[in-house]
Amino acid sequence: MTVSTYSMGHDDVLVEVKLGTRSYPIMISNGGSVPSVGAFARSRNQSRLAFVVADGGVTAHLEPLRESLLQAGYRVECVILAPGEGQKSLAQAALLYEKLLDLKADRKTLMVAFGGGVTGDLTGYVAATYLRGLPFLMIPTTLLSMVDSSVGGKTGVNLSRGKNLVGCFHQPLGVWIDLKVLETLPDREFRSGMAEVIKYGMIMDAPFFGMLERNLSGILARDHGLLRRVVARCCELKANVVSQDEREETGLRAILNYGHTFAHAFEAVAGYSAWFHGEAVAAGMQAAARLANGRGLITNDIVERQSRILSAFGLPVDCDNNWPADTLIDIMRSDKKAEAGQLRFILPVGLGEVRLFADVTVDEVTAALAKRGV
Ligand code: GLY
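Throughout, residues of each chain are indexed from 1 in the direction in which the sequence is written. Totals for whole chains, interfaces and linings use every residue, but because this is a predicted model, local features are given only for residues with pLDDT of at least 70 and side-chain atom pairs only at 80 or more, for both listing and counting. Neither water nor hydrogens contribute to the side-chain values; these are computed over all heavy atoms in the structure.

### A look at the site of the ligand
Rules: Whether a residue is near a molecule or strand depends on its heavy atoms: it is near if one of them lies within 4 Å of it. By the criterion applied in these results, polar contacts are pairs of N or O atoms within 3.5 Å in which, for protein atoms, one can donate a hydrogen and the other can accept it, and in which residues neighboring in sequence qualify only through two side-chain atoms. For accessible areas, the Shrake-Rupley method is used with a probe of radius 1.4 Å. Any residue's cover is judged against the shown protein chains and nothing else. Basically, the charged four are Asp, Glu, Lys and Arg, the nonpolar ten are Ala, Val, Leu, Ile, Met, Phe, Trp, Tyr, Cys and Pro, and anything else, Gly included, counts as polar.
Inspection of the region around the ligand gives D148, K154, K238, E248, R253 and L256 as its neighbouring residues. D148 places a polar side-chain atom, nitrogen or oxygen, 2.9 Å from a nitrogen atom of the ligand. Between the ligand and R253 there is a distance of 2.7 Å, counted from an oxygen atom to a side-chain nitrogen or oxygen. Its free accessible area being 200 Å², the ligand has 89% of it covered by the protein chains. Across the shell around the ligand, the residue classes tally to 1 nonpolar, no polar and 5 charged.

### Re the packing of aromatic side chains
Note the following rule: To pair, rings of Phe, Tyr and Trp, with the six-membered ring standing in for Trp, must have centres within 6.5 Å; the planes then decide the type, stacked if under 30 degrees apart, edge-to-face if over 60, and tilted in the middle. Only DSSP runs of H or I with at least four residues qualify as helices, and only runs of E with at least two residues qualify as strands; both kinds are numbered from the N terminus onward. Relative accessibility decides the category of a residue: with a 1.4 Å probe and only protein chains considered, values under 20% of the type maximum give buried, values over 50% give exposed, and everything between is partly exposed. Over a ring means this: the NZ of a Lys or the CZ of an Arg is within 6 Å of the ring centre and within 35 degrees of the ring normal.
Following the criterion strictly, the structure yields 7 aromatic pairs and no others. Considering the side-chain rings of F262 and F345, the 5.0 Å spacing of their centres and the 40° angle between planes classify their relative orientation as tilted. Here F262 is found in helix α10 (residues 260–270), whereas its partner F345 is found in strand β10 (residues 345–350), with 83 residues between them in sequence. Summarising the burial analysis for this pair, F262 and F345 share the class buried. Through pairs of rings, three or more aromatic residues link up here, namely F262, F266, W275, W323 and F345. Lying across the ring of F276, R188 places its NZ or CZ 3.9 Å from the centre. The residue whose ring lies beneath K199 is Y200, and the NZ or CZ to ring-centre distance is 5.1 Å.

### A short note on the packing of helix α13 (residues 325–333) against helix α14 (residues 362–370)
Definition in use: Axis angles are defined between N-to-C directions and span 0 to 180 degrees, where every axis is a line fitted to C-alpha atoms and, for a helix, only to the segment in contact. Angle categories: roughly parallel below 35 degrees, roughly antiparallel above 145, roughly perpendicular from 65 to 115, and oblique for all the rest. Handedness of a crossing follows from how the near helix is turned relative to the far one, being left-handed for an anticlockwise turn of less than a right angle and right-handed for a clockwise one. Whether two residues are in contact is decided by their heavy atoms: any pair within 4.5 Å suffices.
The N-to-C vectors of α13 and α14 enclose an angle of 125°; their axes lie 10 Å apart at closest approach. Comparing the axis directions of α13 and α14 gives the class oblique. For the element pair α13 and α14, the recorded crossing hand is right-handed. Contacts from A325, L328, I329, M332 and R333 of α13 reach α14 at V362, V365, T366 and L369. Across the contact of α13 with α14, the residue classes tally to 7 nonpolar, 1 polar and 1 charged.

Here is the structure:
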């Protein structure tokens, strides 16, 4: 077996997702580390072929990645995805299976997801299912995918009637995060990613929430040191949850869905291209906080702090006035997290603490949707 080494800078961070034999590292580097990806991949995989599925938005960074994999002795084949959630489909998965067949991929073939959540979910799903499972490497290039979808092994595609309805758990062999790619991330996408970042503070880390509040302008300016702290903390928190409840069986991993029951309904009604996922999550967290406040679980102050920080990042805190509550509630009932049509919500019970509630009534949801502003 070839032994390769890859170097990390002294500011770089390594977070481990501890899952026994399926444990893997998340490498977080401040800048320009894509040329080291090949050696990292080689240290964990001995295939001849690397099949890269890349988001069309990151083609500027594709050549260094290709070069790095070549240097590590891989034959490299790339597919570039068209933009949009539409790529996360069974039809697109079938095209990738065909491509793998053409390339004579075998069970060691390394798949590499280079892009945001859509690229990672689709590539992970194809890797999970082709020949009953290929190794894959995640190289997330959006803030949202760095802090959420690239960590934890959820893969999947959408059906025409709902998002992520087909999928499976398949852990990557590693996650490589080069924060430099965030320099060119469009502003709206960056802000959208901040919704998931703020979520971690709300659900499990009040001091982290305070740190975000104190550093708004630095984060908005994409200060490298701050982004490293932010991304590393989110990955650490998520890795910890995933290590304890990989398959969302004990209820712990479900806390990551704070705001998401509302968000999935908002996205379905608004249309997936109208609202970015993080925007829907922001409005969804605010609806959930109002619901919790209506139950007396949290004070007005917490609802207002969440609203202020979301607004500071230009994120919506309200859904559209014209969306009928009963339509939204119907969608929430068919959410894959609902059980037998019973509404279930992750609600804050303090800053940095949430719990699952399965006894929420339609009236409470309607009231939370009707409140505006904070
Ligand atoms: N995005 C929620 C999870 O990974 O469980």
